[in-house]
Amino acid sequence: MTGLFAGNAAVLPLSQGVLFTLVPAQRLHRPDAGLRRLCGNACVYWAVGIYWLLTAAASAWAAPAVPFLWLATPIVALGTVRVLSRR
């Protein structure tokens with residue numbers, strides 16, 4: 001049940017990541033939109049979505065520990081932003 005929840009919860013940020021990736025690629029943004037910010041948001045959503053997929057897979061082995069891994073989601077997002085800012 002934990003894996004099902006995590007898998008469903010991963011769909012949301014992955015969908016957002018797809019949308020934020022497609023907007024600059026297909027030029028669907030406003031002329032005054034910050035492309036760097038859009039791409040940064042896409043990367044953060046992808047990272048969080050993949051992290052939740054990994055926690056869904058981890059629930060097969062350590063289901064009681066997975067909710068504690070979910071608490072690290074903001075750390076994953078912050079780490080992604082830090083890595084992107086170093087570029």
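This text gives an overview of the structure that appears in the document.

Conventions used here
Residues numbered from 1 in each chain as written. Predicted model: local features only at pLDDT ≥ 70, side-chain atom pairs only at ≥ 80, totals over all residues. Heavy atoms only, no water. Helix = DSSP H or I, 4+ residues; strand = E, 2+ residues; numbered from the N terminus. Polar contact = N/O pair within 3.5 Å; in protein donor to acceptor, adjacent residues only side chain to side chain. Contact = heavy atoms within 4.5 Å. Core = buried A, V, L, I, M, F, W, Y, C linked by side-chain atoms within 4.5 Å. Buried < 20%, exposed > 50% of the residue type's maximum accessible area, 1.4 Å probe, protein only. Expected span 1.5 Å × (residues − 1).

### Remarks on the side chain of T73
Then, in step 1: Here T73 lies in helix α4 (residues 73-85).
Then, in step 2: Of note is the side chain of T73, whose polar atom sits 3.0 Å from the side chain of W52.
Then, in step 3: In this structure T73 touches V48, Y51 and W52, once residues within four positions along its chain are discounted.

### Thoughts on the nonpolar core
Then, in step 1: Listed in full, the eleven residues of the largest apolar core are A6, A9, A10, L14, V44, V48, Y51, W52, A56, V66 and W70.
Then, in step 2: Counting residues per element, this core draws most heavily on helix α2 (residues 35-62), which supplies five residues.

### With respect to helix α1 (residues 2-25)
Then, in step 1: Counted at 1.5 Å a residue, the expected span for α1 with its 24 residues is 34 Å, and the 35 Å between its end C-alpha atoms agrees.
Then, in step 2: For α1, the complete set of buried residues consists of A6, G7, A9, A10, P13, L14, G17, F20 and P24.
Then, in step 3: Tucked into the core, α1 has its buried residues touching α2 and α3 (66-70).

From the geometry alone we can't say anything about function, so treat these as descriptive.
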